[in-house]
Each structure stands twice: as C-alpha cells, then as structure tokens.
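Residue strings, one per chain:
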Amino acid sequence: MFKEKDCLGELDVREDVYYGIQTERARNNFAISGTTCDDLPEFIKAVAEVKKAAALANCKIGALDEKICKAICAAADEIISGKMRGNFPVDVFQGGGSTSTNMNVNEVIAKRANEILTGRKGYDAVHPNTHVNRGQSTNDVIPTAIEITCYRYAVDLKKSLEHLTAAMARKVDEFKTVVKTSRTCLQDAVPITLGQEFSGYENFLRRHIKLLDELFFGKPLELTLGGTATGTGLSTFDGYQSEVFVQLREVTGIDVKQKENLFDGFQNGDDYIRISAYLKSLATGLGKIATDLRMMSSGPRCGLQEIFLPAVQPGSSIMPGKVNPVMPELVNQICYQVCGDDVAITMAVEGGELDLNVWEPVIIKNLTEQFKILTGGMIKFADLCIDGIKANVEKLRADAESTMANATVVSAILGYVKGTEIAQKAVAENKTVKQVVKELKLFDDAEIDKLFDTLMMTDSARSGKIFSGERT
Amino acid sequence: MKIKILATGGTIAVSANKTVKQVVKELKLFDDAEIDKLFDTLMMTDSARSGKIFSGERA
C-alpha cells in the first residue's frame, strides 16, 4: 500500500493501480451501483484526450515543461488506447459534478507520467493538479468530454440507423404488391399494401438519419473548454484559449470550437436535452414499429396472422412449440428505458443552479445508456427480425377484400348514404361489399371488378382516375 | 516551489480564517505590487488579462 496525503489527511492506496487518494476516497464514498467509470470507456477516453490536448497547448505556450508534457501525453495515450482499464473505479453516480472522475484521470496520468520519467509511481515529477490539470477545471473538462463522447456515439448510431433503414427498404420492395387491410382505431379500414406500411417505417428512419446529421455533423462541435471553473478562464496562461482547440482538433480528429458564450455553456445543459430528445424521438418511433410487428404477427393460429417473424428462440417454459416476438419486445423495452433516461436527463438539466450544472455524472450515465442500447438494438432488430419477416399473402389479400371499409368506393361515387346502406347490408348478411354491390347491380360486372381491385385502392393516382369516370 | 506552496494556500487560509491574499502577503510569496495585480478580482474574470498575468506580465 502507498500512503497518500491530501487536505483531509492520509489514506492507504493500492500499489498495483495508478489512481490516487482522491479516487480512493471517491471509490469508497460512491460505491452504490456497481457501474463505474471503467464501464464508460469512450467517456474516459475523451477526458484523456482533453488532458493530452491541454498539455500540448500548455507546452506550446511555454506554460509546461516539454519533458513533463511528453510524459503526460504518453500516459494519456495509454488511457486512450484502453490499456489503463481497471484504473477508473469510481461509481458513475457521484456528487461533486464529476470532480472525482476528472481527478481520477488526473491521478492516473500523473502517476503513470511520473513512472515514465522517474521509474517510480508518485507525484514528485508530475502532479495531478499542477501539471495534468493545468489551465483546466472539472467544470470545463467534463462537459467537453461528454460532447466528444456523444459525437462519437452519434457516429456509431448513424451506422446502426442506416443498417436498419436498408433492411426496412428491402421489405418495402418485397411487399410492394401485398395488399392488406389498414386499421384505424384498431378497426378495419381501407386497403393498403404491406409495402406502404413498411415505407412509413423506412421513411421515419430516414428522417431520423437527417435529424441526426443536423444535430451533430457538418459543423464544429461547440465546447466549453477554456472556461475553467465558471467560464472566466481563470488559471489559463496567455495563448491557451485558442491553442487548446488547435490541439484538441488534432488529438480527436473532430472539428471543435469554443462556445460563443461560456457562461451560457456553463449554466445550461440544453445541448444534452436536445440529444436526449432526439434519442427519445427515435426510440418511441422504433417502439411503435415493434408494437406493430407484434400485433401483425400475433397468432400463429388465433391472432391477426398477417406476417411471420423469424423464430429466434423457444418462447415458453410450459407451452411446447410457442415462439415469442422477442426481438420487437426487446425494442419496446429499449424505448421504455430511453424514455426513462430522458426524464432523468431533463430533471438533471433543469436542476442546474447559478453558474454551473453539476449533474453531469447522471447525464453522461444516461446518455451513454440511450446511445448504447439504441445502437446495439437497431442492429439486432434488423438482423434478427426485419430481414426475416415474411408476409402471409393469402390471408392479407382475403382480409383486404372483406373489409367493410371498401364501402368507401361506393360512397365516393354514389354518396355516403348509399355507401352506408351497402355497408350495413354487407354486415347483416355476412357478405363482402363487392358481393352486395354485385347483387344490387349498382355497376356492371367489369366495372365492379375494376372498382373493387384492392391493389388499385392503395394508389390514389389509379383510384382517382377510376372514380373520375375511367371505369370502363 | 511557489506553485507547491500555493497548492496548500487554500487550506492555510481556511484554517487561519484569512483571505488567500492575506496569507500570500504574510508568506511573502510575491512582492506587494505583484500581489495586488494577482488578486485583482476584476482581472480574474477575464482570461485575456489573467492569462497574460499568469504568463509572467506581473510587474
């Protein structure tokens, strides 16, 4: 054990790790959830990148010795590459606005940099606050790291979204002539093609790719870095404010710039709200699609039986042969969790007071969960569900021909009163609308076949012409 | 060396119930004119000014 000292006194710290006394205190204080900063590797990587950029900037402006800078960069690189996993044991839930996370990274870099320079762990050559944290504060480092982390999560999310969209597009094409009954208020409505229904899903996904682009890409990522404690930039040396962004661009490969008003940046977390709101919007739409698929595939004998989902696992411990729609059910639960995370993020952002929002620990924890489960979930949804969906074509066609909503054809031509009369007669006599129209000889047979062509009904360009008189 | 003392300066100030500026003055970490410049609170709100002072333009 190492005996380390801070302003509260002495404490033993394990010798086989690189973190120090502040991390050790925080590890004990916040050990509640079992999920630690080691479980947010992308976030820790981003914090280390900020440390590296700050060291390079300080060195460039003459505020940090070159030898120390090189050692800090080497240590930061080891975190960035993932080599230091296991050294970030502080719980993701923590007080202090992520000071413990920032100090955890400062201590690991300092101790490792010291080892590189002197051959032993310690802080005599490189100090976590004096050198590694120079010109920075938790308050500008952590929001910066969150934004960078979310940007990278967004890159992965976009790939996943595109994958699911492509899978959906294949089904739109496959089902383009499969006619079925649409439903409104869960009641039979006019015919629609299964392809049209899936095109709604596909377009929803395409719109969300565009919305994601607008939220993250094609513009610099605006950050609070340089503001230090409250936006005034106190403790930075001359030239740091611009140089740190040059270095951060280089280190991360992301186009970054300082926020126009740092006080606004420190006080408000509406960036997080927008990201979370976007993710909620995506999640709820996916949840709706999942619910549709579960309803359409209900059965296999006693439900709607409109589509067949690929069977991916047995569904019951007691009912042999039962198979459940587990992949859509997974997506529904992703939706519920993302919405729950959004509530936590919304409250955390609203709860900011005066000159800083200190609720970033719970914000990054929830944003990470939202991105991760959506990104992973959409890939699984595409590969294990959407790709394998089959249409129950004959059942769908029979349903489309029997829907009472086909009386819409009669009302469009002969008026609503006549249409209602035909619909009621069809219900009373358990016949199709087409059968009743035929029996009453409202049109000649060739005309009736044209008017009650269910595929025609799904295309207003065709149906419009027919209703306008081109029936013969 | 100065940086090392300043790192514990906050603790000394709290336990002695003095301002950081008073403690720094008592410890003669900088000369009086320099201390007045360093502890000008309006200067502290502007990184363009404070950055220059921290970079050595204290005299």
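Note that the structure is predicted; figures quoted are calculated from it, not measured. Throughout this description, residue numbers start from 1 for each chain and increase along the sequence as written. Each chain is given a letter, starting from A, and each ligand a number, starting from 1, according to the order in which they appear as written. With the structure being a predicted model, the display of local features is reserved for residues of pLDDT at least 70 and the display and counting of side-chain atom pairs for 80 or more, all residues being used for whole-chain, interface and lining totals.

**Let's talk about the overall build of chain A**
- To qualify as a helix, a DSSP run of H or I must reach at least 4 residues; to qualify as a strand, a run of E must reach at least 2; elements of each kind are numbered from the N terminus. When helices and strands are tallied, chain A shows 19 helices and 8 strands.
- In terms of C-alpha radius of gyration, chain A reaches 31 Å, well past the compact-globule figure of 23 Å for 472 residues.
- Seen along its three principal axes, the alpha-carbon backbone of chain A occupies a region of about 100 × 55 × 35 Å.
- Here exposure depends only on C-beta density: within 10 Å of a residue's C-beta, 20 or more other C-beta atoms make it buried, 12 or fewer make it exposed, and intermediate numbers make it partly exposed, the C-beta atoms being placed from the backbone. A total of 472 residues make up chain A; the buried ones form 46% of that total. Our radius of gyration is a C-alpha quantity, and the globule rule it is checked against amounts to 2.2 Å times the number of residues to the power 0.38.

**Digging into the pairing of strand β2 (residues 9–13) of chain A**
Residues and elements named next belong to chain A.
- In this description, strands pair whenever DSSP reports at least two bridges between them. With 5 bridges joining them, strand β1 (residues 2–6) and β2 adopt antiparallel strand pairing. Bridge pairing links glutamate 4 to leucine 11 in β2.
- Joining the antiparallel neighbours β1 and β2 is a turn of 2 residues.

**Here's the deal with the interface of chain A and chain B**
- What counts as a contact here is a pair of residues whose C-beta atoms, placed from the backbone, lie within 7 Å. On the chain B side, the residues contacting the 12 residues of chain A number 12 residues.
- Contributions of two or more residues to the side of chain A that touches chain B are made by α5 (128–132) and α8 (240–252) of chain A.
- Asp, Glu, Lys and Arg are counted as charged, while Ala, Val, Leu, Ile, Met, Phe, Trp, Tyr, Cys and Pro are counted as nonpolar; the rest, among them Gly, fall into the polar class. Of the residues contributing to the side of chain A that touches chain B, the split by class is 5 nonpolar, 6 polar and 1 charged.

**Observations concerning the domain arrangement of chain A**
- When the domains of chain A are assigned, the result is domain 1 (2–134), domain 2 (140–218 + 267–393) and domain 3 (403–467).
- On a C-alpha basis, the centres of domain 1 of chain A and domain 3 of chain A stand 75 Å from each other. Each domain's limits were defined by an automated method or a database of domain assignments.

**Some points on the packing of helix α6 (residues 138–174) of chain A against helix α7 (residues 194–216) of chain A**
All names here are of chain A.
- Between α6 and α7, the shortest axis-to-axis distance is 9 Å and the interhelical angle comes to 160°. Judged by the angle between their axes, α6 and α7 are roughly antiparallel. Considering how the two elements wind past one another, α6 and α7 form a crossing that is left-handed. Every residue of α7 that contacts α6 at Tyr151, Ala154, Leu157, Lys158, Leu161, Glu162, Leu164, Thr165, Met168, Ala169, Lys171 and Val172 is listed here: Gly195, Phe198, Ser199, Tyr201, Glu202, Leu205, Arg206, His208, Ile209, Leu212 and Phe216.
- Of the residues contributing to the contact of α6 with α7, the split by class is 14 nonpolar, 4 polar and 5 charged. For helices, the axis comes from a line fit to the C-alpha atoms of the stretch in contact; other axes are also lines fit to C-alpha atoms, and the angle between any two N-to-C directions lies between 0 and 180 degrees. By the definition adopted for this analysis, an angle is roughly parallel if under 35 degrees, roughly antiparallel if over 145, roughly perpendicular if from 65 to 115, and oblique otherwise. Crossings are assigned a handedness: left-handed for a near helix turned anticlockwise from the far helix by less than a right angle, right-handed for a clockwise turn.

**Remarks on the packing of helix α3 (residues 66–80) of chain A against helix α4 (residues 99–118) of chain A**
All names here are of chain A.
- Close contact between α3 and α4 brings their axes to 8 Å; oriented N to C, the two are set at 120°. In this view, α3 runs oblique relative to α4, as classed from their interaxial angle. α4 is crossed by α3, and the crossing has right-handed handedness. Taking contact as the criterion, the partners of Lys67, Ala71, Ile72, Ala74, Ala75, Ala76, Glu78 and Ile79 in α3 are, on α4, Val105, Val108, Ile109, Arg112, Ala113, Ile116 and Leu117.

**Looking at α3 of chain A**
Residues and elements named next belong to chain A.
- In a regular helix each residue adds 1.5 Å, so 15 residues correspond to 21 Å; α3 covers 20 Å between its end C-alpha atoms and thus fits that length.
- Where α3 is concerned, the buried positions are Ile68, Cys69, Ala71, Ile72, Cys73, Ala75, Ala76, Ile79 and Ile80.
- Contact partners of the buried residues in α3: α2 (41–60), α4 and α5. In this analysis, the expected span of each helix is defined as 1.5 Å times one less than the number of residues it contains.

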